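Residue-level listing of the chains:
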Amino acid sequence: MVFLLGAFLILSIFLSLLITQRNIFYPKKRFYTYIKNASGLDVRPRVYLKGIDIGRVTEYELTKDNKIKVYFYILKKYLKNVSKNTIVLPEENLLTGGIDKLNLATEFSTKKKTLINKKFIPWEYSPEGIKIKNDYELDFSGNQITILINQLSTIFSNMDKKELTDSLRNIILNTEV
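Note that this is a predicted model, so its numbers are computed, not measured.

Draft legend 1. Local environment of the packing of aromatic side chains. Under the defined criterion, the tally for this structure stands at 6 aromatic pairs. With a centroid separation of 6.0 Å and 25 degrees between ring planes, the pair formed by F31 and F72 is classed as stacked. Highlighted residues: F31 in strand β1 (residues 28-35) and F72 in strand β4 (residues 68-75), separated in sequence by 41 residues. An identical accessibility class is assigned to F31 and F72; each is buried.

Okay, here's the thing in structure tokens:
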């Protein structure tokens, strides 16, 4: 009897922690993005905005046209902080090279910020993401290394407009032409 009571108590604690940590019953809005490489990506990495955990990756797949489509959700209570000019920045673990989390970089607060109303949020290096990075001032709050890399990426992108050679661009930005 004592064993059953103890097992029930442990199971209750475990389930309550599971439910509260996973935000199972909180309202969510689902989104997707495309990324270049899913190496090390696992289901359930967290989605962050300004260092705050606002969602999770739910699944990913290789599409018929060989793109990696990543599905994730954002808790509805944080949607008011996400503008339509937002990009996804996958953050890689420096030791494993795998994607640990997704960071969102969104437009700095403005009085007339248009909230996101679509299901697609572009990856930072997609054509849509590059356009948003070039046209809007984004808030890259979060991991300091990610911020530094994004700032260097923007600097080198601007240098590219000034005829930076393709080979140097490939080395610096680690992209393909």
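Draft legend 2. A look at the pairing of strand β6 (residues 99-107). Burial runs high along β6: 7 of the 9 residues are buried. The sheet contact formed by strand β2 (residues 46-49) and β6 spans 4 bridges and is parallel. Within the sheet, the bridge partner assigned to V47 lies in β6 and is L102. As paired elements, strand β5 (residues 86-92) and β6 share 7 bridges and run antiparallel to each other.

Calculation criteria
Residues numbered from 1 in each chain as written. Predicted model: local features only at pLDDT ≥ 70, side-chain atom pairs only at ≥ 80, totals over all residues. Heavy atoms only, no water. Phe/Tyr/Trp six-rings, centres within 6.5 Å; stacked < 30°, edge-to-face > 60°. Helix = DSSP H or I, 4+ residues; strand = E, 2+ residues; numbered from the N terminus. Buried < 20%, exposed > 50% of the residue type's maximum accessible area, 1.4 Å probe, protein only. Pairing = 2+ DSSP bridges.

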